[in-house]
Amino acid sequence: RAETGRRTTDWRRAGLVFLSRYGTIFGLLLMFVFFSIMAPNTFFSRANFLNILSQASLTAIIAAGLTYTLVVGEFDLSVGFVASFIGLIVVGFMSYQGLPIWLSIVAALAVGIGLGLINGTLVTKVRINAVISTLGVGTMLTGIGFSYSAFPIASGIPRAFTNIALGRVLFGIPNPVFFMAGILVVLWVILNRTDIGQKMQAVGANIEAARLSGIRVDRIKMFAFGTAGLCAAITGSLLSSLLGSGT
């Protein structure tokens, strides 16, 4: 009887672990099946799938970066502000400063990483709560963005820049879908197949045990915040390319 109860507990624990890891995917599959049955001619179509993927791609990119901060046990409320700010300055670099497209994008991504590292420094070195510090940085970016956007944000944007997000290079699939797929694969590999990814998970699971085992916790958290800033910058750049103006 005791063994039967133990087996029941093990199965229940395994079920809870499965739901915690794959519950969202399972719910998504249920929604997919439901809408495919209810509206097979509209929902279950290639055009609709491409539209959904295109709409979700930017959200997925910024969420992937945010996931890194969650893995290390922190949170970043500034990612939306960073994406909006980067979308503004990448256009400003091209139309106001007159920089080439590639240099404008590289500079914007560098600014995004820098903002992420600022968040990481406030959390790890200054010891400010992540929610407060990232919200404060995001609020400051809003003010800086208003000050910077005195120029016309929808003029002088090269066609080649808007084609980055509006183009369809392969099989009629929107380019942001390929950006999303590539970034998600890279981030998944880093998190699950590299030494730094294992350290991130160790920090998130038990920060004191990770510190005592020799992991440089502050550096790991800085890496997570820097990655979140980079993903937010990529999202902001793609959004500006999609809209054809600063965001």
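Cut-offs used in this document
Residues numbered from 1 in each chain as written. Predicted model: local features only at pLDDT ≥ 70, side-chain atom pairs only at ≥ 80, totals over all residues. Heavy atoms only, no water. Axes fitted to C-alpha atoms, helices over the stretch in contact; angles between N-to-C directions. Helix = DSSP H or I, 4+ residues; strand = E, 2+ residues; numbered from the N terminus. Parallel < 35°, antiparallel > 145°, perpendicular 65-115°, else oblique. Left-handed = near helix turned anticlockwise from the far one by under 90°. Contact = heavy atoms within 4.5 Å. Nonpolar A, V, L, I, M, F, W, Y, C, P; charged D, E, K, R; others polar. 1 Å grid on protein atoms, 1.4 Å probe; cavity = no way out; pocket = protein on both sides within 12 Å on 5 of 7 lines; lining within 4 Å. Points joined across faces, edges and corners; volume = space filled by probe spheres on them. Salt bridge = Lys/Arg side-chain N within 4 Å of Asp/Glu carboxyl O. Buried < 20%, exposed > 50% of the residue type's maximum accessible area, 1.4 Å probe, protein only. Core = buried A, V, L, I, M, F, W, Y, C linked by side-chain atoms within 4.5 Å. Phe/Tyr/Trp six-rings, centres within 6.5 Å; stacked < 30°, edge-to-face > 60°. Expected span 1.5 Å × (residues − 1).

1. Remarks on the packing of helix α3 (residues 79-95) against helix α5 (residues 130-148)
Here is step 1 of the chain: Where α3 contacts α5, the two axes come as close as 9 Å, and the packing angle between them is 25°. With respect to α5, the axis of α3 lies roughly parallel. The crossing of α3 and α5 is left-handed. Each of F81, V82, F85, L88, I89, G92 and F93 in α3 lies in contact with α5, whose residues at this interface are L135, G138, L141, T142, I144, G145 and Y148.
Here is step 2 of the chain: A breakdown of the residues in the contact of α3 with α5 according to their chemical character gives 10 nonpolar, four polar and no charged.

2. Looking at empty space enclosed by the protein
Here is step 1 of the chain: What the rule picks out here adds up to one cavity of 30 Å³ or more.
Here is step 2 of the chain: Here the largest cavity defines a volume of roughly 30 Å³.
Here is step 3 of the chain: In terms of lining, the largest cavity is formed by D76, S78, V79, V82, G112, L115, G116, N119, F225, A228, G229 and A232.
Here is step 4 of the chain: Residue assignment for the lining of the largest cavity shows that the elements contributing at least two residues are α3, α4 (101-124) and α10 (217-243).

3. A few points about the pattern of salt bridges
Here is step 1 of the chain: Applying the stated criterion across every chain, the model contains five salt bridges.
Here is step 2 of the chain: Salt-bridge contacts for E74 lead to K221; the nearest nitrogen and oxygen are separated by 2.6 Å. Pair noted here: E74 is in the loop between α2 (46-71) and α3 and K221 is in helix α10, with a separation of 147 residues, a long-range link.
Here is step 3 of the chain: As a salt-bridge pair, K199 and D195 come within 3.2 Å of each other at their nearest N and O atoms. Highlighted residues: K199 and D195, both in helix α8 (residues 195-205), separated by four residues, approximately one helical turn.
Here is step 4 of the chain: Looking at K199, the relative accessible area reads 32%, which means it is partly exposed.
Here is step 5 of the chain: Several salt bridges converge on common partners, so that one network encompasses K125, R127 and D218.

4. Let's talk about the nonpolar core
Here is step 1 of the chain: Core analysis: the largest hydrophobic core is formed by 22 residues, its most contacted members being I61, M200 and V203.
Here is step 2 of the chain: Of all the elements in the fold, those that place two or more residues in this core are α2, α7 (175-193), α8 and α10.
Here is step 3 of the chain: With six residues, α10 is the largest single contributor of residues to this core.
Here is step 4 of the chain: Among residues more than four places away in sequence, those in contact with V203 are V72, A210, I215, V217, I220 and K221.

5. Some thoughts on the packing of aromatic side chains
Here is step 1 of the chain: Summed over the entire model, instances satisfying the criterion amount to eight aromatic pairs.
Here is step 2 of the chain: Relative to F49, the ring of F44 lies with its centre 5.7 Å away and its plane at 90°, an arrangement referred to as edge-to-face.
Here is step 3 of the chain: Residue classification places F44 among the partly exposed positions, given a relative accessible area of 49%.
Here is step 4 of the chain: The exposure class assigned to F49 is partly exposed, which follows from its relative accessible area of 26%.
Here is step 5 of the chain: Members of the aromatic cluster, each reached through a chain of ring pairs, are F32, F34, F35, F43, F44 and F49.

6. Some points on the environment of L88
Here is step 1 of the chain: Relative to the elements of secondary structure, L88 occurs in helix α3.
Here is step 2 of the chain: L88 sits 157 residues away from S245 along the chain, and the two C-alpha atoms are 7.7 Å apart.

7. As for α4
Here is step 1 of the chain: Helix length check: α4 (24 residues) gives 34 Å between terminal C-alpha atoms against 34 Å at 1.5 Å per residue, within 8%.
Here is step 2 of the chain: Those residues of α4 not exposed but buried are S104, A108, G112, L115, G116, N119, G120, V123 and T124.

8. Description of the layout of surface pockets
Here is step 1 of the chain: In this structure, the largest pocket occupies an estimated 670 Å³ of space.
Here is step 2 of the chain: Residue lining of the largest pocket: 16 residues in total, with G23, T24, I25, L28 and L29 positioned closest to the centre.
Here is step 3 of the chain: Looking at the lining of the largest pocket, the elements that each hand over two or more residues are α1 (2-38) and α2.
Here is step 4 of the chain: Looking at the lining of the largest pocket residue by residue, the classes come out as 12 nonpolar, three polar and one charged.
Here is step 5 of the chain: Its volume calculated, the second largest pocket comes out at about 380 Å³.
Here is step 6 of the chain: Lining the second largest pocket, in full, are A60, A63, A64, T67, Y68, V71, L184, L187, W188, L191, N192 and Q201.
Here is step 7 of the chain: Only α2 and α7 provide two or more residues apiece to the lining of the second largest pocket.
Here is step 8 of the chain: Along the lines of polarity and charge, the residues of the lining of the second largest pocket split into nine nonpolar, three polar and no charged.

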